[in-house]
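A look at the structure
Single-letter residue listing:
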Amino acid sequence: MRTSTIAWLASVCATLLATAGLVLATAGLAAEPEPTQVARVQAALDTWVEARAPAEKVTGIAAYISFGATGPAIEAFAGTIGRAPGAKPVDQDTLYQMGSTSKSFTAAVILNLEAANKLSLDDTVGKWLPEYPAWGHVTVRRLLNMTSGIPNYSETEWISEVWASEPTRTLTLKELADAAYPSPTNQLPVTKGYHYSNTNYVLAGMIAEKAAGTPFRDLVQKYVIAPHGLTSTFYEPSHYPSSVLQRLSHGYFENGACAEYQPSCTTTWNAPLIGRDVREDSVSWMQSAGGGVSSPRDVDRWIRAIFAGKTVPAEQQAEWTKLVSMKTGEPIADVSADDPGGFALGLVKKVLGPLGAQWFYEGESLGYRTLYVWFADENLMITVQTNSQPPDGTDKLSEAVGALYQIVGKRAAN
């Protein structure tokens, strides 16, 4: 099951390249680009929702296209926030769970703490969390670039049981880490090289709290939300207040795929969740591994700040974007045709065929998806959000980005 993993990477790349024939469209507008372009963007979003609703069980989509840090921009919406009769349309106030795109929050917190001499990327789990001796040799850097070999708690039977029977339960970071820790009754596979595991970012969150002496929620507020004016971005360790929930789109779990650690794939451990609206469920199962809530406009603002070097000092910025191969787990200077996928610290770079190497990420929670693509050489960013975790193999959110790029991108125009 894809619970904020990047098993989707190959399909994302394929669909980003296969959308030349799709036509798209938009509603709201932050500046005033050429009207026919805006109308085509709106039409594209309308088309995507209509085409993908039967398979992906979505009801709406929000998009933000920026042509520079200060604009102009196109902001567009299609569909509604939920399935109920009379559900209101998606609009500028609508929020979505970010899933693993908010792993960048954790990277930012760690790197800022390093800049403040509170910790180092070369520190080990053993230094900060001696209660996990089996993982004691793993560095903070290897947690953030997914080369630790530590198993993924969000693919366990335990977390599936919590989702199914205790959806409002408040879990601690320690409970999440403990679910992956080896014991006589818990022997999850240890990996070599690159392996996507949410446990890495839970441990990073625990280390950040210990090094700073501050709750992780407050660290996100200090280093991410407040300094960058993210007025539609929120982070809570468990439940969001009503003021946020009122703006949050309904989100639907529809994925019948088996979890990674299921011994045999007959019926998924997550079968009781299928069809459920997870809008008011606890997000404590994600926390520092992907618990943020935001809008496409704020995602754009945050990711642009990262790549503009406005979030951490230059030394930490250089560390942030160092890549490891998603094939081998070894450091690479850049992605290439032979080694097309690279993972940095909560960031992904991939060769997207004729579009070249681009930074992008699709984050997924139990009922939401957020996808951005940063076309650095065009100073163009496209961000889309929608409201389902769809059946396995049906995720075509990247087709929305691809269709939008066909309208606004320079390569498409030429």
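Residues numbered from 1 in each chain as written. Predicted model: local features only at pLDDT ≥ 70, side-chain atom pairs only at ≥ 80, totals over all residues. Heavy atoms only, no water.

1. Some points on the packing of helix α7 (residues 173-180) against helix α8 (residues 198-212)
Helix packing geometry: the angle between the two helix axes and the distance between the axes. Just so we agree on the cut-off: Helix axes are fitted to C-alpha atoms over the stretch in contact, other axes to C-alpha atoms as well, and angles between N-to-C directions run from 0 to 180 degrees. In this description a helix means any DSSP run of H or I spanning at least four residues, a strand means any run of E spanning at least two, and both kinds are numbered starting from the N terminus. Reported orientations rely on four angle classes, namely roughly parallel under 35 degrees, roughly antiparallel over 145, roughly perpendicular from 65 to 115, and oblique for the rest. In this scheme the crossing of two helices becomes right-handed for a clockwise turn of the near helix relative to the far one and left-handed for an anticlockwise turn of less than a right angle. For this analysis, residues touch if any pair of their heavy atoms sits within 4.5 Å. Under the convention adopted here, Pro, Cys and the residues Ala, Val, Leu, Ile, Met, Phe, Trp and Tyr are nonpolar, Asp, Glu, Lys and Arg are charged, and Gly plus all remaining residues are polar.
As a packed pair, α7 and α8 sit with axes 9 Å apart at the nearest point and diverge in direction by 140°. Here α8 runs oblique to α7, going by the angle between their axes. The way α7 lies across α8 gives a crossing that is left-handed. Here α7 contributes L173, K174, L176, A177 and A180 to the contact with α8, which in turn contributes T199, V202, L203, G205, M206 and E209. Looking at side-chain class alone, the contact of α7 with α8 contains seven nonpolar, two polar and two charged residues.

2. Overview of the packing of aromatic side chains
Heads up, the rule is: Aromatic rings from Phe, Tyr and Trp, taking only the six-membered ring of Trp, are treated as a pair when their centres fall within 6.5 Å; an angle between ring planes under 30 degrees marks them as stacked, one over 60 as edge-to-face, and anything in between as tilted.
A full pass over the atoms with the stated rule returns 13 aromatic pairs. Centre to centre, the rings of W135 and Y181 are 4.9 Å apart; their planes meet at 80°, and the pair counts as edge-to-face. Of this pair, W135 sits in the loop between α4 (125-128) and α5 (140-144) while Y181 sits in the loop between α7 and α8, placing them 46 residues apart in sequence. Where W163 meets W285, the ring centres are 5.0 Å apart and the plane angle is 75°; that geometry is what we call edge-to-face. With W163 in helix α6 (residues 157-165) and W285 in the loop between β6 (276-277) and β7 (292-294), this pair connects stretches of sequence that are 122 residues apart. Through pairs of rings, three or more aromatic residues link up here, namely Y194, Y196, F343 and Y361.

3. Here's the deal with the sheet that holds strand β8 (residues 323-325)
Where we set the bar: The rule for pairing is simple: two strands pair if DSSP sees at least two bridges between them.
Reading across the sheet, the nine strands line up as β2-β1-β14-β13-β12-β11-β10-β8-β9 and stay open at both edges, with antiparallel pairing between neighbours. Bordering the open sheet on either side are β2 (73-79) and β9 (331-332), each of which pairs with just one other strand. Strand direction decides the pairing type here: strand β11 (residues 348-351) and strand β12 (residues 357-364), joined by four bridges, are antiparallel. Across the sheet, K349 pairs through a bridge with W359, a residue of β12. Contacts between helix α13 (residues 397-408) and the sheet are confined to β1 (60-66), β2, β12, β13 (369-375) and β14 (380-386), with β14 contributing the most and set at about 145° to the helix.

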